[in-house]
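# Secondary and tertiary structure notes
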Protein chains: 2
Amino acid sequence: MIELEHIKKIARASPSKIVLLIIDGLGGLPHPETGKTELETARKPNLNRIARDSICGLIDPVSPGITPGSAPGHLAIFGYDPVKYNIGRGVLEAVGIDVQLKPQDIAARGNFCTVDDQGLIKHRRAGRISTDKNVLLCRLLSDIAIEGAEVSVLPVKEHRFVLILRGEGLSPELTDSDPQQLGLPPRRIEALSPQAERTARIANEFVSQARDRLKGQPSANMVLLRGFARRPDIPSMSDIYKLKPAAVATYPMYRGLARLVGMQVLPTGDTIADQLNTLRRYYADFDFFFVHFKTTDSRGEDGNFQAKVQAIEELDSALPSLLTLEPDVLVVTGDHSTPATLAMHSWHPVPFMLKSKWCRRDDVAEFSERACLAGGLGRFPAVEIMPLALAHALKLDKFGA
Amino acid sequence: MIELEHIKKIARASPSKIVLLIIDGLGGLPHPETGKTELETARKPNLNRIARDSICGLIDPVSPGITPGSAPGHLAIFGYDPVKYNIGRGVLEAVGIDVQLKPQDIAARGNFCTVDDQGLIKHRRAGRISTDKNVLLCRLLSDIAIEGAEVSVLPVKEHRFVLILRGEGLSPELTDSDPQQLGLPPRRIEALSPQAERTARIANEFVSQARDRLKGQPSANMVLLRGFARRPDIPSMSDIYKLKPAAVATYPMYRGLARLVGMQVLPTGDTIADQLNTLRRYYADFDFFFVHFKTTDSRGEDGNFQAKVQAIEELDSALPSLLTLEPDVLVVTGDHSTPATLAMHSWHPVPFMLKSKWCRRDDVAEFSERACLAGGLGRFPAVEIMPLALAHALKLDKFGA
């Protein structure tokens, strides 16, 4: 099987440019009344035009039947085996707010929550407090001092924060305190291995001190922790692929993911039009661009079929600006499906298309789940996307004599 | 996953016959004017007739996006994982000229080249000297004597030769001396591991003595070495598959490859008609035949679309002679694509068809990239070809109770 080490040996730098447009949660399921998916329903002349010039297919982000989280979905597309390179939730939150984690740091995702008089969870998100309030609360917790670890509490957004423990000999092998259920008390954090016992004590001590300091707060009177993790050791895209990669993403998590694989994260605005302007501004400076469009996933998770359709249409109408750049390779796909009817990430394969002068075009004339099924690439694992993109950009040498 | 060891356990000898026709560089890309590939353009009634009686598909020789060299492309079709069984360039050159390498021999591919007064490379191929000249030069280098290794220098063709180092404790873990670029001096050969250091000294000593002996030659006044390698330890096809395999190939490299996997290489002529006559002559004596047609790849590499079309038509018109043999299984495919528009090997999947009394025929009525996409086998890795061929020849027992 071809692994990153083999790709590394045959990858070569070249001036050709690759644009990878990820439409988050792209795949869908038919609306019960029309029998058409979100993508089939949307008016999307530009996506269809790209499809006609492309080779199409359907990707399995991780493996058939497996519903990917955002990190595995993206890592696979970037060419990293998402089973091998597992990024913990805590690390994702941390890199998403520009924290430079040291290799030994332990990061956990935190929620401010509300507990009742008996200490049972009433609101897992403390009624989604404002980010401003979050900042104040994090400051309140920041001078918690625990023997054996330096503690940082950093606000993310609304009720979310990151806890970072820095020190010698800490271990991320810990259970969550967040039971992810109402009416239960926060769980005691347990060590999953003997060498994590000291870290478990430290984490529980943090929770206990946090509870004391939050006492009396109207809603955010407790914390929940989950996803204790350490930064994974991921080879960079420039090392493996000899690329100079950049990311144009609006959400912290995707910017963080991009940074973890060695992309330069470009400053950009909130809309897809802003993002494509950023792409244009930096187009000469990099040879690989990851452009992330988030709204499709958000509307899918909301269960709002029509809003997801509109998000696709909004994206489509912004595309001409991208197409005039005429990248040598343009890949359009998603990191997973988020069918509005399910209102969550799902395991369904995701439409894929690759446009290049050197692609062997198929007869697909529309960008949709059904049409891509007949595409020239068939159904394939997402980790094969990068070798395909590099090949079509003529950035891979021959394998073997 | 099914490996050779599993196939070995269920393979059984039987009188049925398999013919594997490899059309080198078969796959193509559309001509910009007609939108049709070489294969779609060619008049090929016999290939189409076979397609109608076959189950068709598209193979990925190594992995999607990976452009295979000739060796990996063929090894995969013979059922050997081309990543695991990596044949070095030096070994390929050696087996291609009928050198019987001993297991410990080190072989390297050599070029006679031209260097200027400063020792910088002016012509990497010494202006493609004649093979006759090459023979004379190899004789000149043949009595180079180095402590610790027996040295052989054997002519291949034009500027190419093989260097063989024979002796105890040699290692192929060496860098190339060939920088594969003009204007640079040949590189010093470096050991890639401590145990290769003595071999590096021997190889550098060979280069130094060769330089002295070639001094004053008008063009071929230096040598370049690359691809130091030892014969890989490949289990034979007869051992794994219980076959009695034979090869009908005109080019040395393919004969050499066939020999490496244990095929008997049959004497044959230069044309496909000669080759099919050879097939007929030896048909009773073997139960597996690898027939290699080279011209398609050569014309593709020349970038000559029309000549590649003609090569396909030439092959097609020779096929009736093969078809009258009525092999139990006939497989027709290629080791990789060589689109004339790219003028090089490429990563694109390759049309495949398998004709047998026991195949589950599909609706494919034409042998082409586009038509095979709708074939019953879909897109699949080339290492699965041998199990499919053996199965259809009823040469594989049931797996498991």
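Note on numbering: residues in each chain are counted from 1, in written sequence order. Numbering of ligands from 1 and lettering of chains from A proceed in the order in which they are written. In keeping with the model being predicted, local features are shown solely for residues with a pLDDT of at least 70 and side-chain atom pairs are shown and tallied solely at 80 or more, while totals for entire chains, interfaces and linings include all residues. As a convention, hydrogens and water are excluded, and side-chain values are obtained from all of the structure's heavy atoms.

## Points about the side chain of A:Gln217
Residues and elements named next belong to chain A. Where we set the bar: Think of it this way: any DSSP run of H or I at least four residues long counts as a helix, any run of E at least two long counts as a strand, and we number them from the N terminus. Whenever two N or O atoms come within 3.5 Å, that pair is a polar contact, provided that in protein one can donate a hydrogen and the other can accept it, and provided that, for residues adjacent in sequence, both atoms are side-chain atoms. We call two residues in contact whenever any of their non-hydrogen atoms come within 4.5 Å of each other.
Among the structural elements, Gln-217 can be located in the loop between helix 7 (197-214) and strand 7 (222-229). A polar side-chain atom of Gln-217 sits 3.0 Å from a polar atom in the side chain of Lys-133. Not counting residues up to four positions away in its chain, the partners in contact with Gln-217 are Lys-133, Leu-137 and Leu-140.

## With respect to the interface of chain A and chain B
So the rule is basically this: A 1.4 Å probe defines the accessible area here, and the buried area is the portion of it lost by two parts on being joined, summed over both. A pair is scored as a salt bridge if a Lys or Arg side-chain nitrogen falls within 4 Å of a carboxyl oxygen belonging to Asp or Glu. Residue polarity follows a fixed list, in which Ala, Val, Leu, Ile, Met, Phe, Trp, Tyr, Cys and Pro are nonpolar, Asp, Glu, Lys and Arg are charged, and the others, Gly among them, are polar.
Contact residues are listed per partner, giving 25 residues for chain A and 32 residues for chain B. The junction of chain A with chain B conceals about 2300 Å² of combined surface from both sides, 64% of it contributed by carbon and sulfur atoms. Linking chain A with chain B are one salt bridge. Ionic pairing is found between B:Arg370 and A:Asp363, a salt bridge with its closest N-O pair at 3.5 Å. On inspection of chain A and its partner chain B, the count reaches nine residue pairs in polar contact (both at pLDDT 80 or more). Its residues placed into classes, the side of chain A that touches chain B shows 15 nonpolar, five polar and five charged.

## Describing the sheet that holds strand 12 (residues 350-356) of chain A
Sheets are built from strands paired through backbone hydrogen bonds, the pairs being either parallel or antiparallel. All names here are of chain A. Formally: Only when DSSP finds a minimum of two bridges between them are two strands counted as paired. Axes here refer to lines fitted to C-alpha atoms; in helices the fit is confined to the stretch in contact. Angles between the N-to-C directions go from 0 to 180 degrees.
Pairing within the open sheet is mixed, and its eight strands lie in the order 9-8-10-1-11-12-2-13. Edge positions in the sheet fall to strand 9 (264-265) and strand 13 (379-381), since each of these pairs with one other strand and no more. In this sheet, strand 10 (residues 288-293) lies alongside strand 8 (residues 245-248) in parallel orientation, the contact comprising four bridges. The residue bridging Val-248 from the neighbouring strand is Val-291, located in strand 10. Taken strand by strand, helix 10 (residues 272-281) contacts strand 1 (18-23), strand 8 and strand 10, and its axis lies near 175° from that of strand 10.

## Concerning the relation of the copies chain A and chain B
The condition is simple: The copies were overlaid with a least-squares fit restricted to C-alpha atoms from residues scoring a pLDDT of at least 70 in each copy.
Under the fitted operation, chain A is carried onto chain B by 0.1 Å of movement along the axis and a turn of 120°, and the coordinates agree to an RMSD of 0.4 Å. Here the transformation between the copies is reduced to the relation of a three-fold axis.

## Regarding the confidence of the model for chain A
To be explicit about the condition: The predictor rates its confidence in each residue with pLDDT, a number between 0 and 100.
Summary statistics for chain A give a mean pLDDT of 95 and a share of 100% for residues scoring 70 or more. With a pTM of 0.89, the predicted complex shows an ipTM of 0.88.

## Considerations on the pattern of salt bridges
As a reminder, the rule being used: The buried label applies to any residue whose accessible area, calculated with a 1.4 Å probe on protein chains only, is under 20% of its type's maximum; exposed applies above 50%, and partly exposed to all values in between.
Summed over the entire model, instances satisfying the criterion amount to 38 salt bridges over all chains. Across the salt bridge formed by B:Arg12 and B:Asp397, the nearest N and O atoms sit 2.5 Å from each other. Pair noted here: B:Arg12 is in the loop between helix 1 (4-10) and strand 1 (18-23) and B:Asp397 is in the segment after helix 14 (385-392), with a separation of 385 residues, a long-range link. Note on B:Arg12: relative accessible area 37%, which makes it partly exposed. With relative accessibility at 35%, the residue B:Asp397 sits in the partly exposed group. Between B:Arg299 and B:Asp302 there is a salt bridge; the shortest N-O distance is 3.0 Å. For B:Arg299, a relative accessible area of 28% puts it in the partly exposed group. A residue is classified by how much of its surface remains accessible, and B:Asp302, at 51% relative accessible area, is exposed. Among the charged side chains, a salt-bridge network with shared partners connects A:Arg89, A:Glu93, A:Arg109 and A:Arg160.

## Remarks on the environment of B:Leu26
Residues and elements named next belong to chain B. For Leu-26, the location among the structural elements is in the loop between strand 1 and helix 2 (38-41). Given the relative accessible area of 0%, Leu-26 is considered buried. In this structure the C-alpha to C-alpha distance between Leu-26 and Asp-362, which are 336 residues apart in sequence, comes to 21 Å. Apart from the residues lying within four places of it in its own chain, the contact partners of Leu-26 are Leu-39, Lys-308, Thr-333, Gly-334, His-336, Val-350, Pro-351, Phe-367 and Glu-369.

## Focus: the packing of helix 6 (residues 131-142) of chain A against helix 7 of chain A
Residues and elements named next belong to chain A. So the rule is basically this: Any angle from 65 to 115 degrees is called roughly perpendicular, while one under 35 is roughly parallel, one over 145 is roughly antiparallel, and all others are oblique. For any helix crossing, the convention is left-handed if the near helix is rotated counterclockwise from the far helix by under a right angle, and right-handed if that rotation is clockwise.
Packing of helix 6 against helix 7 brings their axes to within 10 Å, and their N-to-C directions diverge by 120°. Between helix 6 and helix 7, the angle falls in the class oblique. As for how helix 6 packs across helix 7, the hand of that crossing is right-handed. Across the interface between the two elements, Leu-137, Leu-140 and Leu-141 of helix 6 pack against Phe-206, Ala-210, Arg-213 and Leu-214 of helix 7. Tallied by class, the residues present in the contact of helix 6 with helix 7 amount to six nonpolar, no polar and one charged.

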